[in-house]
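If you want the building blocks of each chain, they are given just below.
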Amino acid sequence: MVSPIHKAVADGRAVGLSADLSDFASESVMRPLYGKSRSDDLRATDMSVEVDVLNSLKVPAEVMRKWQEIVDLLADILSVPSALIMRVEPPNIKVFISSESKGNPYEPDEAACLNTGLYCETVMNTRRPLIVPDALQDEAWKTNPDIKLGMISYLGVPISWPDGEIFGTICVLDRKSNEYSQLYLRLLLQWRDVLQADLKSIATMQREIEQREVKIRRLVDSNIIGIVIWNVEGQILDANSEYLRIVGYDQHDLLSGRVNWADMTPPEWRDRDAQVISELKNRRAVQPFEKEYIRKDSSRIPVLIGVANLEGTEGQGVAFVLDLTERKRAEAEARENERRFRNMQMELAHANRLATLGQLAASITHEVKQPITAALLNTQTAQRFLTRQQPDVEKAKKAIDRAVKNGMRVSEVVDRTHALVRKEPVRKDRLEINEAISEVIGLTRGEALKNGVQVRTQLAEGLPVIHGSRVQIQQVMLNLIVNAVEAMSQMSDDSRELQISTQGEADYVLVGVRDSGPGLSEGAIERAFEAFYTTKSSGLGMGLSICRSIVEDHGGRLWATANVPTGAVFQFTVPINSDC
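Residues numbered from 1 in each chain as written. Predicted model: local features only at pLDDT ≥ 70, side-chain atom pairs only at ≥ 80, totals over all residues. Heavy atoms only, no water.

**Re the overall build of the protein**
So the rule is basically this: The secondary structure listing takes helices from DSSP runs of H or I that are at least 4 residues long and strands from runs of E that are at least 2 residues long, numbered from the N terminus. The classification of residues rests on relative accessible area computed with a 1.4 Å probe and restricted to protein chains. Under 20% of the type maximum is buried, over 50% is exposed, and intermediate values are partly exposed. Residue contacts are counted whenever heavy atoms from the two residues lie within 4.5 Å of one another. Exposure was quantified through the Shrake-Rupley algorithm and a 1.4 Å probe, taking into account, for residues, occlusion by the shown protein chains and nothing else.
Counting its regular elements, the protein contains 16 helices and 18 strands. Taking all 580 residues of the protein together, the buried fraction comes to 45%. The contacts of the protein with a sequence gap of at least 6 include a subset with a gap of at least 24, amounting to 64%. About 31,000 Å² of surface is accessible on the protein, with carbon and sulfur atoms providing 51% of the total.

This is the structure in structure tokens:
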């Protein structure tokens, strides 16, 4: 079936133009046209080249609805059977929007060839308003194709894109003679401005889309990350070079359909893929996740994947794939380096304990020798009580009990020393910190006495149990006590006092070691915990550095301040174990 507009164009031919708009106020803009020159025509071939890109732009549905309301309103206000928005699509012109008024012969999407003498073609060629009051009474228009449809009067104005290219026209047509007053022309021009504002928004949006597409294309072509288009059946519809490199395939494999993301997914990851597809179907956001691919050579490769739906498509999505091989290798190296560092730190800590205990060798020997001597004396005393003419069993028993206690004390000293000397993996358990500190005080008692240091303790009662390494916490205390004793041994006066305290806070235990020695300068306090920094002539400068590492590994911190009036204060915290 031939549409009315096609029939009219087929039966008609190009004719001249006649209109008198001289009575309109803005003559410079709406000057009357008395015919047309073919040299001024907008040739269909030239227009095709110039507006090809613009013609590809789609007018959004909400704009189409608004334009439909405009033409319907125009037809009602002007009481005409037809109000149209025409769009040029070289080599044709098309009815883009047609009023839903009674008796309108024009249907949406009807097309007619250019250069056939249509009213709208002249408006577009001249880019000026056109009024034809009565084509039957005008020699230039009496053979116009629209007359075949009964449309003898016309009023139209051009519509342009923001860059000046012609979009088409907005016009009204009538079956009877119609002069179309200046008011109607002004109304048409007002609506034209509305349409052109919409076209400006569309063009702006298109430019933004194109800019985004350029950025996306640059991202795809840069091959920084793998990008792939897929469907729920597992087919890879398109992919960039980086994705193909990741999975070990090439473009020939892609084009032949041999690249399938479902086949490349290891069995243990298929449930996760199914979950992702389900979340996408439910329009839920999918967080990036790690998985593995089986490459073409059957090797596996770790990847990070981000997925999203492709808007406007059904069952298709886009995935951004990052090769995690180097990151995983770096993580493995970091873990190995961490293991080596901890082993080295453990070796240094052990060496530090041995060196510190070496300094205490005389004191430890004294701590062991004293109870052994006492045990021997008590044993001899028991013998004397038992060898009397009348044995005193009760007194002998008491002497033997004292000897047993002396022996137990020797065993405790040996065990404590052995624990500190042993080289074994660090184990953190439930720990009564006051008990651990008291054991270290016992080991260092002889060194303190030898240097004339008076040890005072303020160990808070009822402290909660902490979670830590007994040996490591004792090593920290051993270092701090020995350092304090050595510092005070250099003092010439007799005021040598060491105060050891514990205090429970909201979520940690605070341990303090205060001495009355010469103290540390401000610069020395700041550098005291640096590795290899020492104020001792024979020191290595590792003790305090190791102590800080131990405390921080327990989740606490170790610091130093000046004591008042003299000396230094070293304090550290150990978090309370809420699970103990």
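**Here's the deal with helix α14 (residues 470–489)**
Short version of the rule: For a helix, the expected span equals 1.5 Å multiplied by the residue count minus one. In the analysis that follows, any N or O atom pair within 3.5 Å is treated as a polar contact, provided that within protein one partner can donate a hydrogen and the other can accept it, and provided that, for residues neighboring in sequence, both atoms belong to side chains.
Counted at 1.5 Å a residue, the expected span for α14 with its 20 residues is 28 Å, and the 28 Å between its end C-alpha atoms agrees. Of all 20 residues in α14, 15 are buried; the element is thus mostly enclosed. Its side-chain oxygen placed 3.2 Å from the backbone nitrogen of Q472, S469 serves as the N-cap of α14.

**Focus on the environment of I500**
Here I500 shows up in strand β15 (residues 497–504). With residues up to four places along the chain from it excluded, the contact list for I500 reads I437, I441, V455, R456, T457, Q458, L459, M477, I481 and G512.

**Focus on helix α4 (residues 119–126)**
Side chains of residues three or four places apart in an α-helix project in the same direction, reflecting 3.6 residues per turn. Most of α4 is tucked away, with seven of its eight residues classed as buried. Every buried residue of α4 is accounted for by Y119, C120, E121, T122, V123, M124 and N125. Of the surrounding secondary structure, the elements contacted by the buried residues of α4 are β1 (82–89), β2 (92–98), β4 (130–132), β5 (153–160) and β6 (166–174). Just beyond α4, the residue with positive phi is R127, at close to 60 degrees.

**A word on the nonpolar core**
What counts here: For the purposes of this section, nonpolar cores are sets of buried Ala, Val, Leu, Ile, Met, Phe, Trp, Tyr and Cys residues that join through side-chain atoms within 4.5 Å.
In terms of nonpolar packing, the biggest core is built from 39 residues, with I433, M477, I481, L498 and F572 touching the most fellow members. Going through the elements one at a time, α13 (433–450), α14, β15, β16 (508–515), α16 (543–553), β17 (558–562) and β18 (568–575) are the ones with two or more residues in this core. Apart from residues lying up to four places away in sequence, I481 is in contact with V440, I441, T444, L498 and I500. L57, L78, V172 and W191 belong to the second-largest nonpolar core, a separate cluster that totals 31 residues.

**Topic: a nonpolar patch on the surface**
The test is simple: What makes a patch is a set of residues exposed beyond 30% relative accessible area and free of salt bridges, joined within 9 Å when like-charged and within 5 Å when nonpolar (Val, Leu, Ile, Met, Phe, Trp, Tyr). In the sections that follow, a salt bridge refers to a side-chain nitrogen of Lys or Arg positioned within 4 Å of a carboxyl oxygen of Asp or Glu.
Together, L386, V393, I400, V404 and M408 give the surface a local cluster of nonpolar side chains, amounting to about 450 Å² of exposed area. Given the relative accessible area of 45%, V404 is considered partly exposed.

**Some details on the sheet that holds β16**
Threshold: Here a strand pair is declared whenever DSSP counts at least two bridges between the two strands. Where helices are involved, their axes are fitted lines through C-alpha atoms of the stretch in contact, as for all axes, and angles between N-to-C directions lie from 0 to 180°.
Overall, mixed pairing links the five strands, which are arranged β13-β15-β16-β18-β17 in an open sheet. The open sheet is flanked by β13 (454–459) and β17, the only strands paired with a single partner. Ignoring which end each strand starts from, the neighbouring axes of this sheet average 15 degrees apart. Taken together, the seven bridges between β15 and β16 define a ladder with antiparallel strand orientation. Residue pairing in the sheet places I500 in a bridge with V513 of β16. Across the sheet, α13 touches β13, β15, β16 and β18, and the angle it forms with β13 is around 175 degrees. Running at roughly 125 degrees to β17, α16 makes contact with β17 and β18 of the sheet.

**Examining the pairing of β18**
Taking burial as the measure, the eight residues of β18 include seven buried ones, the bulk of the element. For β16 and β18, the ladder comprises seven bridges, and the chain directions are antiparallel. Note that in β18 the partner of R514 across the bridge is V569. Alignment of β17 against β18, held across five bridges, turns out to be antiparallel. Bridged to A560 within β18 is F570. Between β17 and β18, which pair antiparallel in sequence order, lie five residues; one of them, G567, sits at a positive phi of approximately 100 degrees.

**A look at unusual backbone geometry**
With an omega dihedral of 10 degrees, the bond running from P90 to P91 counts as a cis peptide bond. In this structure, P91 sits in the loop between β1 and β2. In this chain, V564 is followed by P565 through a cis amide linkage whose omega measures 5 degrees. Take P565: it is sitting in the loop between β17 and β18. Positive phi, close to 75 degrees, is recorded for D109, a residue that is not glycine. Relative to the assigned elements, D109 resides in the loop between β2 and β3 (111–113). Residue D109 is classed as exposed on the basis of its relative accessible area, which comes to 53%. Here the phi dihedral of N115 falls at roughly 60 degrees; this positive angle occurs in a residue that is not glycine. The topology assignment puts N115 in the loop between β3 and α4.

**Here's the deal with the sheet that holds strand β9 (residues 289–294)**
A sheet is described by the order of its strands in space; here five strands give the open sequence β8-β7-β11-β10-β9, paired in antiparallel fashion. Where the open sheet ends on each side, the last strands, each with one partner, are β8 (236–239) and β9. Here the strands of the sheet are splayed against their neighbours by 35 degrees on average, with no regard to which way each runs. Looking at chain direction, strand β7 (residues 226–231) and β8 are connected through three bridges and run antiparallel. Within β8, the position partnered with I229 by the bridge is D238.

**As for the environment of E292**
With respect to the helices, strands and loops of the structure, E292 is situated in strand β9. Residue classification places E292 among the partly exposed residues on the basis of a relative accessible area of 25%. For the pair formed by E292 and L324, sequence separation is 32 residues and the distance between their alpha carbons is 9.4 Å. Contact partners of E292, with chain neighbours within four places excluded, come to M264, P266, E268, W269, R300, I301 and P302. A distance of 2.9 Å separates the side chain of E292 from the side chain of R300, its partner in a polar contact.

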